[in-house]
Amino acid sequence: MKKVYVIGIGGTGAKCIRSTVHLQCAGAYGKDVRLGVLLVDADASNGNLQSARETVQCALEAGAILRETNVSLFSGPVKNYGYWNPLGDYSDRLTLSDIYREAGMRAVDAGLGELYDCLVSPEEKQADLSVGFRGRPSIGSAVVSRIRATGFSQGPWPELINDIQADCANGDKPRIHLFGSIFGGTGSSGLPTLGTLLSRELVGVRDAVEITASVLLPYFDFDIPDDEDIYAEAKNFTLNTDAALQYLARLAGDSFNCIYLVGDGTKQRYDQPATGGPRQNNPSSCIELIAAAAVSAETGVGYGNGAYLTVSDDNVMTWEDLPGEGTSTSLRSAIRTCYAWHFNLYNELRESQRFDSKKSFTKGAPWFDRFFALKDGTNRPDVESEAESRQIAAFDKWSVDFMQWIQEICWSGSAREQLADIRDHVFKAYQGLEPDTSRQYAESLEKLVIGQTLAKREKWRDSIDLLKNNLADRKHRLEGVIGLINNLYEII
Amino acid sequence: MLVTSFMIANVLPVALQAPEQWAQQIYLPSASLSTVVYLGFLLAWIYYSFNKRCKNCLEAKQTLGLWLTLFGMSIFSNIVSLILFIQFTVVQATASQAAPGGTLVVNAPPYEFLVPLTLLNGLLLFWLPSCFLSQRTLRFIPPFSYELNTISEKR
């Protein structure tokens, strides 16, 4: 089994983690890949971080009860290493002066205090860092580099390092992939620093470990937020990027086996910017999807030790822009499966649970008895059992999150929808056990995936009804909800 | 059709002066026409079930109404066809020593047998084939088609 450890640094890193976890659940990295996930951010309340944590949680819950060997969806396990805050356990207001104990530093060495005055402006000294590094890499690197003193002994790091070393001892070749923007604060300071420090920490097994990174160049733009004095400014992005790239090239480049620079000529615009906190929850972007897909790109094969990944067309992303063998195919299948589930199969299953006679239900739904028992005492699972109900709820929760995510990506194109046409739908998880009346039944998948044309003999795949009929035509090795969604994914 | 015609002529105790001629000249043409109509309705149902796209189970089950309508119409057309042939055909008995030129026979139709035979025709020519020939999502819509299909195929 291939082991991949992904570390998302900062708000953009967290958004890339969201994409990575969805790709892993969709089977885009292959059936035999274990994904370890760690989130790094100084701003525990950051909206992007919270969204990523929710996605990881959804994937863990769904994976725990839907995982089966040799299937496509949820075949690869996800291990959550949790979240690490470079500021430590400080929960109250924290400034750079608090971290470096400014008063004590001046008392010990006045010259050091003056150097500190030179490097850090008075506003930066007093800025509250509990909402992140405010788009200032200088603040971030000063904080993140303090991990050197702890030797990766705090938080989730010991477990992560132990697992990587155990993989190497077992003869595996684990891959560590870091995500972060290079134009903001946390990512641009944390990514090169952590990559370098991890490389040094794993020096004994360095040859057996691949360290790669998806570095996101400025891909969005926003107005000045009105919430704080010290804020991230889009005008600084180019300057930050230049400095961070120079640092990567001169000092940190050797620590990475391959660095993927990811960007887009057209910047997405965020209407309601916020510098950290729960309000900083921006919609997902196609650039993050490309960054996440880079996890499956082989280092050194066609890319050397660095590559620039972007969309081939300035205005819209196409399926061919996604790196990695099979990424596009898996993602397309997952979109169609989740769409068919959300707008058809979920309510069908809930409806079947309300039927007293399951045989009566299967007379109008011939696929049903291929996966579920019509009466007690048969080998197939009972659709009304608690186990099946939990599987329905878990998959639905994940698929709602998946559809929200892919919808945001589809809308992130500057010209029009891209990859898939999922307009006019609001995806909300449903808690009840009865059919969700807010979901209108859909039958056609014809216009869902943009740029996918099926051969005439395969047109049946555009109809949910015909797909269900295909499922009804033969027996399946896997039954129950797991069998239903995986067999649908395979033929869709 | 031929079997039921044979039964009327030779097996069933019908109160007809010339049962063989009656079966030949009234029942057989009527049954031939009815069979064509039954097959027409059956093909219409098969075509409909092949092309129908159902969003969900309830929508599929609603098509039972259409199936019952077609079934009813096919039986009704069988009855109409019988009535037309009974009303407008005069049975010509074959020549005999008593009547070398043949005779015209007026018969009271054997309704006590025609009604069940019509229903039997409906079952054999529409219901049974539709149980096995219905397509896709509507494959189990004809009554008892699920039970019949699961006899031949373990699902």
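For the structure given in this document, a descriptive report is provided here.

Reading guide: rules and limits
- Residues numbered from 1 in each chain as written.
- Chains lettered and ligands numbered in written order.
- Predicted model: local features only at pLDDT ≥ 70, side-chain atom pairs only at ≥ 80, totals over all residues.
- Heavy atoms only, no water.
- Helix = DSSP H or I, 4+ residues; strand = E, 2+ residues; numbered from the N terminus.
- Areas by Shrake-Rupley, 256 points an atom, 1.4 Å probe, with all protein chains shown as cover.
- Contact = heavy atoms within 4.5 Å.
- Lys, Arg positive; Asp, Glu negative; His and termini not counted.
- Charge placed at Lys NZ, Arg CZ, Asp CG, Glu CD.
- Pairing = 2+ DSSP bridges.
- Axes fitted to C-alpha atoms, helices over the stretch in contact; angles between N-to-C directions.
- Parallel < 35°, antiparallel > 145°, perpendicular 65-115°, else oblique.
- Left-handed = near helix turned anticlockwise from the far one by under 90°.
- Buried < 20%, exposed > 50% of the residue type's maximum accessible area, 1.4 Å probe, protein only.
- Polar contact = N/O pair within 3.5 Å; in protein donor to acceptor, adjacent residues only side chain to side chain.

**Topic: the overall build of chain B**
Next, step 1: Counting secondary structure elements, chain B contains 6 helices and 2 strands.
Next, step 2: For chain B, the sequential pattern of α-helices and β-strands runs α-α-α-α-β-β-α-α.
Next, step 3: For chain B, the accessible surface area stands at approximately 8,300 Å², while carbon and sulfur atoms represent 70% of it.

**Quick look at the overall build of chain A**
Next, step 1: Scanning chain A from terminus to terminus reveals 18 helices and 9 strands.
Next, step 2: C-alpha extents for chain A along the principal axes are approximately 85 × 50 × 45 Å.
Next, step 3: Within chain A, contacts between residues separated by at least 24 positions form 77% of all contacts whose residues are at least 6 apart in sequence.
Next, step 4: In chain A, which carries 51 positive and 66 negative side-chain charges, the distance between the mean positions of the two groups comes to 5 Å.

**Regarding the pairing of strand β3 (residues 78-84) of chain A**
Side-chain positions along a regular strand alternate between the two faces of the sheet.
Next, step 1: With 6 bridges joining them, strand β2 (residues 33-40) of chain A and β3(A) adopt parallel strand pairing. Along β3(A), the bridge assignment pairs G36(A) with K79(A).

**A short note on the packing of helix α1 (residues 2-11) of chain B against helix α2 (residues 19-51) of chain B**
The axes of two packed helices give the description: the angle between them and the distance between them.
Residue and element names in this part refer to chain B.
Next, step 1: Taken N-terminus to C-terminus, the directions of α1 and α2 make an angle of 150°; their axes are 8 Å apart at the nearest point. Looking at the two axes, α1 sits roughly antiparallel to α2. Once α1 is placed against α2, the crossing between them reads as right-handed. Residues L2, T4, S5, I8 and A9 of α1 form the contact with α2, whose participating residues are P19, E20, W22, A23, Y27 and L28.

**Some words on the environment of S32(B)**
Residues and elements named next belong to chain B.
Next, step 1: Its location among the elements puts S32 in helix α2.
Next, step 2: Judged by relative accessible area, S32 falls into the partly exposed class, the value being 29%.
Next, step 3: Distance from S32 to N78, taken between C-alpha atoms, is 9.7 Å for residues 46 residues apart in sequence.
Next, step 4: Among the polar contacts made by the side chain of S32, one reaches the main-chain carbonyl oxygen of L28 at a distance of 2.8 Å.

**As for the sheet that holds strand β4 (residues 175-181) of chain A**
Residues and elements named next belong to chain A.
Next, step 1: Spatial strand order, β3-β2-β1-β4-β5-β7-β9: 7 strands in an open sheet with parallel pairing. Each end of this open sheet is capped by a strand with a single partner; those strands are β3 and β9 (306-309). Put simply, the sheet's adjacent strands are angled 15° from each other on average, direction ignored.
Next, step 2: Across the sheet, helix α1 (residues 10-25) touches β1 (2-9), β2, β3, β4 and β5 (210-216), and the angle it forms with β2 is around 160°.
Next, step 3: Seen against the sheet, helix α12 (residues 286-293) touches β4, β5, β7 (258-262) and β9 and runs at an angle of roughly 170° to β5.

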